[in-house]
Structure formats: C-alpha cells, structure tokens
Amino acid sequence: MKKPRSNKAQAQQQSNGTSHSKLARYLDPNSSWDKDKLLDTLHWIRQALGLSCGLVWGAIPLVGAIWIILFLVISTGVVYWVYSQRLKIDEEEFGGHGALLQEGLFASFTLFLLCWILVYSLVHF
C-alpha cells in the first residue's frame, strides 16, 4: 500500500518548480511567450479587473464618470505593468503598445459596467 504524500513533500515539490498553478504559469517571466498566449493572459487579467472593480464600485455606491475613468486608468496601468515590468517582453514583437493595451479592453469595460450597475441597483435600491 502506498503511503500518501505529506504536505511538506508537496510544498517542496512546488517550490522546486515542478508543479505550478495556472496563474503562476501565465505570469512567469521565464516562460516562452507566443502572441496568442500573451494576448489571452492580458485579456483575462482585464476581465478579472473588470469584475472585481465592478463589484466593489457597486457595493460602495460610487457614482460618476470619474470612477469610469479611474477603472480605465487602473486596467490599462495593470496590463502595462504586467507585460512591461513583470513579463519583460519586447512589445514590438507583439504589435506594439497599442495592440497590447487594447487587448480585452472593451469586453472588460462592458463587464465592469454590467457588474457595477447590477450590484449598485440590487444593493442600494
């Protein structure tokens, strides 16, 4: 009968880099990046930001155009930081700053507005 692995052995295996979570794999600067993988990563980061900001903005009851602008600044800033500082990729290989900063922007903005409006309406009315 096999003996189950201990938590210590699992933690050691994870620290050696043999078992990564999906999130860690997508934010690993040492992995090779093709265009589709990078654009998918940036897209889903934006979706997560849109969902979380929409939920927070609606729960707090924030109103006004300044919060929409703040979301766009946060979303663009985080995406820029991920590909330029965290992943350290050459943006010209992937279509330049415009293509990378635009990836997933409109879908994320739509999700942000949907969550913000729904949560605000459900919680505060």
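Parameters at a glance
Residues numbered from 1 in each chain as written. Predicted model: local features only at pLDDT ≥ 70, side-chain atom pairs only at ≥ 80, totals over all residues. Heavy atoms only, no water. Core = buried A, V, L, I, M, F, W, Y, C linked by side-chain atoms within 4.5 Å. Buried < 20%, exposed > 50% of the residue type's maximum accessible area, 1.4 Å probe, protein only. Helix = DSSP H or I, 4+ residues; strand = E, 2+ residues; numbered from the N terminus. Contact = heavy atoms within 4.5 Å. Phe/Tyr/Trp six-rings, centres within 6.5 Å; stacked < 30°, edge-to-face > 60°. Lys NZ or Arg CZ within 6 Å of the ring centre and 35° of its normal. UniProt positions renumbered as here; feature names shortened; annotations may be inferred. Patch = residues over 30% accessible without salt bridge, like charges linked within 9 Å, V, L, I, M, F, W, Y side chains within 5 Å. Areas by Shrake-Rupley, 256 points an atom, 1.4 Å probe, with all protein chains shown as cover. Salt bridge = Lys/Arg side-chain N within 4 Å of Asp/Glu carboxyl O. Axes fitted to C-alpha atoms, helices over the stretch in contact; angles between N-to-C directions. Parallel < 35°, antiparallel > 145°, perpendicular 65-115°, else oblique. Left-handed = near helix turned anticlockwise from the far one by under 90°.

K.L.:
Tell me about the nonpolar core, residues and numbers included.
P.N.:
The biggest cluster of nonpolar side chains holds 13 residues, and the ones touching the most others in it are Leu38, Leu42, Ile89 and Leu100. Of the residues forming this core, the biggest block, 5 residues, is contributed by helix H3 (residues 35–59). Those residues in contact with leucine 42 that sit more than four places away from it in its chain are Val79, Val82, Tyr83 and Leu100. One finds Cys53, Trp57, Phe71 and Trp116 within the second-largest nonpolar core, a separate group that totals 6 residues.

K.L.:
Account for the packing of aromatic side chains, naming residues and giving values.
P.N.:
This structure, assessed with the given rule, holds 7 aromatic pairs. Relative to tryptophan 67, the ring of tryptophan 57 has its centre 6.1 Å away and its plane inclined at 85°; by these criteria the two rings are edge-to-face. Residue tryptophan 57 is found in helix H3, and its partner tryptophan 67 is found in helix H4 (residues 65–86); the two are separated by 10 residues along the sequence. Residue tryptophan 67 is classed as partly exposed on the basis of its relative accessible area of 27%. The class of tryptophan 57 is buried, set by a relative accessible area of 8%. Here the aromatic residues Trp57, Trp67, Phe71, Phe109, Phe112 and Trp116 are joined through ring pairs into a cluster of three or more. Across the ring face of tryptophan 33, the terminal group of lysine 37 is positioned such that the distance to the ring centre comes to 4.9 Å.

K.L.:
Please provide a residue-by-residue account of the environment of tryptophan 116, values included.
P.N.:
Its location among the elements puts tryptophan 116 in helix H6 (residues 105–124). Here the alpha-carbon distance between tryptophan 116 and proline 61, two residues 55 residues apart in the chain, equals 8.9 Å. With sequence-adjacent residues up to four places away left out, tryptophan 116 is seen in contact with Gly54, Trp57, Gly58, Leu62, Val63, Gly64, Trp67 and Ile68.

K.L.:
Quick rundown of the UniProt feature "transmembrane region" (unreviewed entry) in the chain? Include the residues and the values.
P.N.:
Sequence positions flagged by UniProt for "transmembrane region" (unreviewed entry) are, in local numbering, residues 55–83 and 103–123. Between the end C-alpha atoms of residues 55–83 there is a gap of 25 Å, over a span that is 83% helix and 0% strand. Split by type, residues 103–123 is 90% helix and 0% strand. Its first and last C-alpha atoms lie 31 Å apart.

K.L.:
Requested: an account of the environment of aspartate 28, with residues and values cited.
P.N.:
Within the secondary structure, aspartate 28 is located in the loop between helix H2 (22–26) and H3. Through-space distance from the C-alpha of aspartate 28 to that of leucine 87 is 6.7 Å; in sequence the pair is 59 residues apart. Contact partners of aspartate 28, with chain neighbours within four places excluded, come to Trp33 and Leu87.

K.L.:
Could you give an account of a nonpolar patch on the surface, naming the residues involved and the relevant values?
P.N.:
Taken together, the side chains of Leu114, Leu118, Leu122 and Val123 make up a nonpolar region of the molecular surface, amounting to roughly 420 Å² of accessible area. Note on placement: valine 123 falls in helix H6. Residue valine 123 is classed as exposed on the basis of its relative accessible area, which comes to 52%.

K.L.:
How would you summarise the packing of H3 against H4 if you had to cite specific residues and measurements?
P.N.:
Between H3 and H4, whose axes approach to 10 Å, the crossing angle comes to 150°. When the axis of H3 is compared with that of H4, the two are roughly antiparallel. The handedness of the crossing between H3 and H4 comes out as right-handed. Where H3 abuts H4, its residues Leu42, Ile45, Arg46, Leu49, Gly50, Cys53 and Trp57 lie against Trp67, Leu70, Phe71, Ile74, Ser75, Thr76, Val78, Val79, Val82 and Tyr83.

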